[in-house]
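Chain residues, written in single-letter form:
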Amino acid sequence: MNRFLAKFPSVAWFDAVRDVYNKDDAMHGAGSGTCNCVVGVQVGRELFQLTFEGFECSRAEKITKSKLDDCDFYLHMTAKDWRSMLQNIQEHGHATDNFTLNTLDLGRVEGLSASTHNDQYREDLFFRYNQTLQFFFDGSARIKTTF
Amino acid sequence: MATAKDADRVRPALTLTKEELEVEVPEPRLNWMNQWREWGVRVKPGEKGLTLGSLNVGLYGEIPMNWPDRSRNPRGAIGVTGTPPVAIQIKDKVDLWAPCAAELYEEAIQRRWAPATDVDWTAIHPLPEDIERAICQVCTEICQYAIIDVEVITNWQHQMAYGYHEVKQFLATTTLDATRRHEAFRKRALVNGGGLGYEGPCQVSRLLLESSGGWTETVTGLVLVRAMFTQMMIRYLTRFAYNGVERKIYECVTQDLARLITYGIEHLKYALAHAPEKQGSILTTLAIGFRMFNRDLRDPVLREALAIVFGGGIAGARSEGMHVFYEMLDEYVEELLNTCQYLRLPVAIEQLPKVFQKDQRSLPGE
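Residues numbered from 1 in each chain as written. Chains lettered and ligands numbered in written order. Predicted model: local features only at pLDDT ≥ 70, side-chain atom pairs only at ≥ 80, totals over all residues. Heavy atoms only, no water.

Student: Now, about the overall build of chain A: what can you tell me, with residues and values included?
Tutor: Looking only at helices and strands, one finds six helices and seven strands in chain A. Ordered by position in the sequence, the α and β elements of chain A form the string β-α-β-β-β-β-α-α-β-α-α-α-β. Whereas a compact globule of 147 residues would reach a radius of gyration of roughly 15 Å, chain A reaches 14 Å, a difference of no more than 12%. Every one of the 147 residues in chain A was classed for burial, and the buried ones make up 56%. Once local pairs closer than 6 in sequence are excluded, the contacts in chain A between residues at least 24 apart make up 67%. Here chain A contributes 16 positively and 20 negatively charged side chains, and the mean placements of these two sets differ by 8 Å. (Helix = DSSP H or I, 4+ residues; strand = E, 2+ residues; numbered from the N terminus. Rg over C-alpha atoms; globule rule 2.2 N^0.38 Å. Buried < 20%, exposed > 50% of the residue type's maximum accessible area, 1.4 Å probe, protein only. Contact = heavy atoms within 4.5 Å. Lys, Arg positive; Asp, Glu negative; His and termini not counted. Charge placed at Lys NZ, Arg CZ, Asp CG, Glu CD.)

Student: Give a description of the packing of aromatic side chains that names residues and reports values.
Tutor: We describe a pair of aromatic rings using the distance from one ring centre to the other and the angle between the two ring planes. For the coordinates displayed, the defined rule picks out 28 aromatic pairs over all chains. Measuring from centroid to centroid gives 6.3 Å for Phe290 of chain B and Tyr332 of chain B, while their planes differ by 20°, and the two rings are stacked. Separated by 42 residues along the polypeptide, Phe290 of chain B in helix 10 (residues 278-298) and Tyr332 of chain B in helix 12 (residues 314-342) bring together distant segments of the chain. For the pair formed by Phe290 of chain B and Tyr332 of chain B, the shared burial category is buried. Put simply, the rings of Phe8, Trp13, Phe14, Tyr21, Phe48, Phe52, Trp82, Phe136, Phe137 and Phe147 of chain A pair up and form one aromatic cluster. A cation over an aromatic ring shows up here: Lys93 of chain B above the ring of Trp97 of chain B, its NZ or CZ 5.0 Å from the ring centre. Note that Arg226 of chain B overlies the ring of Tyr145 of chain B, its terminal NZ or CZ placed 3.8 Å from the centroid. (Phe/Tyr/Trp six-rings, centres within 6.5 Å; stacked < 30°, edge-to-face > 60°. Lys NZ or Arg CZ within 6 Å of the ring centre and 35° of its normal.)

Student: I'd like a rundown of the pattern of salt bridges, residues and numbers included.
Tutor: Residue and element names in this part refer to chain B. Per the stated rule, a full pass over the model turns up 26 salt bridges over all chains. In this structure, Asp95 and Lys278 form a salt bridge, with 2.8 Å as the shortest nitrogen-oxygen distance. Here Asp95 is found in the loop between helix 2 (18-21) and helix 3 (101-110), whereas its partner Lys278 is found in helix 10, with 183 residues between them in sequence. Asp95 sits in the partly exposed class, given a relative accessible area of 22%. Note that Arg180 and Asp256 form a salt bridge whose closest N and O atoms lie 3.2 Å from each other. A residue pair is termed long-range when its members are at least 10 positions apart, and Arg180 in helix 6 (residues 165-190) and Asp256 in helix 9 (residues 244-274) qualify at 76 residues. One exposure class covers both Arg180 and Asp256, and it is buried. One salt-bridge network, held together by shared partners, links Asp177, Arg180, Asp256 and Arg259. (Salt bridge = Lys/Arg side-chain N within 4 Å of Asp/Glu carboxyl O.)

Nothing here speaks to function; it is geometry throughout.
Here it is, written out as structure tokens:
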């Protein structure tokens, strides 16, 4: 299989994963489906914003810290922890054991999902859309990631 | 099988007589055709399709604070006078409304899943007997919680005024979610050589079933006590899932419960904003709910079963498994207190029974 090569973290990497996610109908059913939220991704000091609209992840962009307020919630880990998660996904084709978004949120003292606004309605979208978000990151198994 | 002779015997009865054919059909008056409260509405689908919430335009979008009509008249239609009232008790918006109800309804429809086909049941594999028995016991209790959810919610649905159909429709999805939860966990219990275990203690369940004073108070127990704990338990089960079958079930159920929890929290927020005097009854219900929950937790069955699942067997249950069980309880309490803070409900950890206080609880054997 000729897989797209991209460096994590970068907009190019998120765009490649978006492409996988947007084109695979299997990721839009079975408990997934339409998803409408803005997700922040913090990798060490770098920040990105993913916009989910309907069945698509329509946009990925690099943002500054002040834009975190626009995110319904953001997923934060060190670069090392993101790398461990993505390597687990590469190895198994999807996240397993302690590397699913849910288990990372439970298992880490500082959690995984956070917000800057303390609006619980927006924060809880992490749980309401958990399957979609998991499918999205599992899609990274189909690209070749460098770090 | 009918014979030709039978057909001969039947046919004359179906043949209309000359008099019957000459029955006078009155000219249609069609006087109902000009009776509309608002005509010419043309809602256009948006980016999310033609959603339930998008229909709230003009007078069809008028959602009054009180709906005195105790009939099944759909909001915006012309009611029939003289209809005997039906048993609608919840007629005030403050008693059931959550602004997100229509959105949650659409989400529940969109993000549906089917345990029969969306779970790869072939991925199950034999487990050590102690673990299989523990999982089956946990499944049994979650099945029971689901049955209670259905009964509690449906018992209130018919009492809610039709003027607030968004909430009624969303709650219909939560009962489907609960039946699906029952289905999925029953299937997991029966798919791997196990079976159903003990019925759990029912103090919280009884509180929910007997809660008849108000829907808001029922929501307090149903969401802040039962659903939030169940969701936390299922999230921990995901962390310790033994195969893809369980992981898939747990992940989907977490989402289903998240919608019910969101409705509950947003309803409580709405109720407290529009009727601050409800704070007293909400706090009292919460206190009673925790007392009942405390009694349920004295029963060792669920605690031991979860500890075995978390600890990887009986041997690991005593140390690691039980430690994880109480970590799960602490996480639940933390989420609950955060939610109370969000709702501006004055609840402190010191007010909860000792088992919910990390520094105060005495563990079994101590």
